[in-house]
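Observations on the three-dimensional arrangement
One-letter residues, chain by chain:
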Amino acid sequence: MEDQFIKIASLIGDPVRAIIMWTLLDGKAFTATELAITVSTSPQNISMHLAKLLDAGLLCVEKQGRHKYYRFSNKEVAYAIEAMASLIPPAIPQKKYPEKNSPIKHCRTCYDHLAGKIGVAVAESLLEQNIILDSDAKFEVSPEGVKWFSDFGINLEDLKKQRRLFLKPCLDWSERKNHIAGSIGASLLDKMIADDWLRRTKDSRAIQITGKGEKELFRYFKIVV
C-alpha cells in the first residue's frame, strides 16, 4: 500500500502531469494536442506523460474517428484532485490591494458538480434545512429530503441505480468547506443549468448566475448572490 501511494503521489506531483490533472477538472475530454498546448510542451512529451497516467489507471482514453480523447478514469480521481487543492495555503490579503472575489472562486464547476462559494452555500443550506444530514463526515438524504428532491425535480431512485457514488461531501479548495458531489451533486448542477439558473462560460470552469438564478437560489436555499 505504501509503495502504491508513493507511486501515485510521484505521478501527480510532476509539474506537467499536475497541470494535466488540473485541466481535466473541467469535466471535458481533451485531445493530446489540446493538453500539450495547455501545458506548453511538445506532442512527444505530452504523450509520455499521458501514457504514465493511463498506466496508473488515473486516466482513460476514448477514440472518436482520428482523435483520441483523455479524461479521468473515474469521478473519484477528480474528487481527489480537488481535495488536494485545498492544501494550498490561503493567500495573505494585502492592505492596499485587497483580493477581489474572482469568478472561479465564487461559482464554478468541480468536474460534474457545483463548487466555489455558491456550491458550498447550497450544501450548507441543505444541511440547515435537514434535507441532507452530516453523519460522521458522510452526507445522507433525510426522510424529508426525499420529498424535497422529488418536488425539486430530481428522482433519487433513478440516481441510486447509477454505477457511481450517490452522495458525498467534496472539500472545496477555495472555501475550505464541503460542497456536494456524487450523482446528487451532478443532478443539482444539471437541473440549475437546464432551468437557466446558471450558465457555463467558454473555456473556463467559472459559472454565471442569471437573474432567474439569483431569485431561485434565494427561494430554495436563501442564498443572496
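Residues numbered from 1 in each chain as written. Predicted model: local features only at pLDDT ≥ 70, side-chain atom pairs only at ≥ 80, totals over all residues. Heavy atoms only, no water.

A word on helix 5 (residues 75-85). Within the span of helix 5, buried status applies to V77, A78, Y79, I81, E82 and A85. A distance of 3.1 Å separates the backbone nitrogen of E76 from a side-chain oxygen at the start of helix 5, and that oxygen is part of N74. (Buried < 20%, exposed > 50% of the residue type's maximum accessible area, 1.4 Å probe, protein only. Helix = DSSP H or I, 4+ residues; strand = E, 2+ residues; numbered from the N terminus. Polar contact = N/O pair within 3.5 Å; in protein donor to acceptor, adjacent residues only side chain to side chain.)

Let us look at the environment of S125. Position of S125 among the secondary structure elements: in helix 7 (residues 116-128). For the pair S125 and T31, spaced 94 residues apart in the sequence, the C-alpha separation amounts to 38 Å. The contacts of S125, once residues within four sequence positions are left out, are Y220 and F221. (Contact = heavy atoms within 4.5 Å.)

So, about helix 11 (residues 211-221). Among all positions in helix 11, only G213, E216, L217 and F221 are buried. When helix 11 is viewed along its axis, its buried side chains cluster within an angular range of 105° and face the same direction. Residues of helix 11 that are exposed and point over 90 degrees away from its buried face: K215 and R219. Those residues of helix 11 hidden inside the fold are in contact with helix 7, helix 8 (143-152), helix 10 (182-194) and strand 10 (207-209). Of the residues one or two after helix 11, K222 is the one with positive phi, at around 55°. (Arc of directions from axis to C-beta.)

Time to look at the packing of aromatic side chains. Counted under the stated rule, the structure contains 11 aromatic pairs. Note on F152 and Y220: the rings are 5.1 Å apart at their centroids and 85° apart in plane angle, and the pair reads as edge-to-face. Remark: Y220 occurs in helix 11 and F152 occurs in helix 8; sequence separation between them is 68 residues. Of the residues examined, Y220 reaches a relative accessible area of 24% and is grouped as partly exposed. (Phe/Tyr/Trp six-rings, centres within 6.5 Å; stacked < 30°, edge-to-face > 60°.)

Okay, the pairing of strand 1 (residues 59-64) next. Successive residues of a regular strand alternate their side chains across the two faces of the sheet. Looking at chain direction, strand 1 and strand 2 (residues 67-72) are connected through six bridges and run antiparallel. Counterpart to L59 in the pairing with strand 2 is F72. Counting the residues that bridge the hairpin from strand 1 to strand 2 gives two residues, and of these G65 lies at a positive phi of roughly 65°. (Pairing = 2+ DSSP bridges.)

Here the focus is the environment of G116. Along the polypeptide, G116 turns up in helix 7. A residue is classified by how much of its surface remains accessible, and G116, at 0% relative accessible area, is buried. Through-space distance from the C-alpha of G116 to that of K105 is 5.0 Å; in sequence the pair is 11 residues apart. The residues touching G116, leaving out its near neighbours within four places in the chain, are K105, H106, R108, D172, S174 and E175.

Attention now moves to the nonpolar core. V122, L126, F149, I180, I184, L217 and F221 are the most contacted members of the largest nonpolar core, which totals 30 residues. Counting only elements with at least two residues in this core, the list comes to helix 7, strand 6 (138-141), helix 8, helix 9 (156-160), helix 10, strand 10 and helix 11. Ignoring sequence-local partners within four residues, the contact set of F149 consists of L126, I131, I132, V141, I154, L156, I184 and L188. Counting residues in each nonpolar core, the second largest holds 21 residues, with L35, L53, Y70 and I81 among its members. (Core = buried A, V, L, I, M, F, W, Y, C linked by side-chain atoms within 4.5 Å.)

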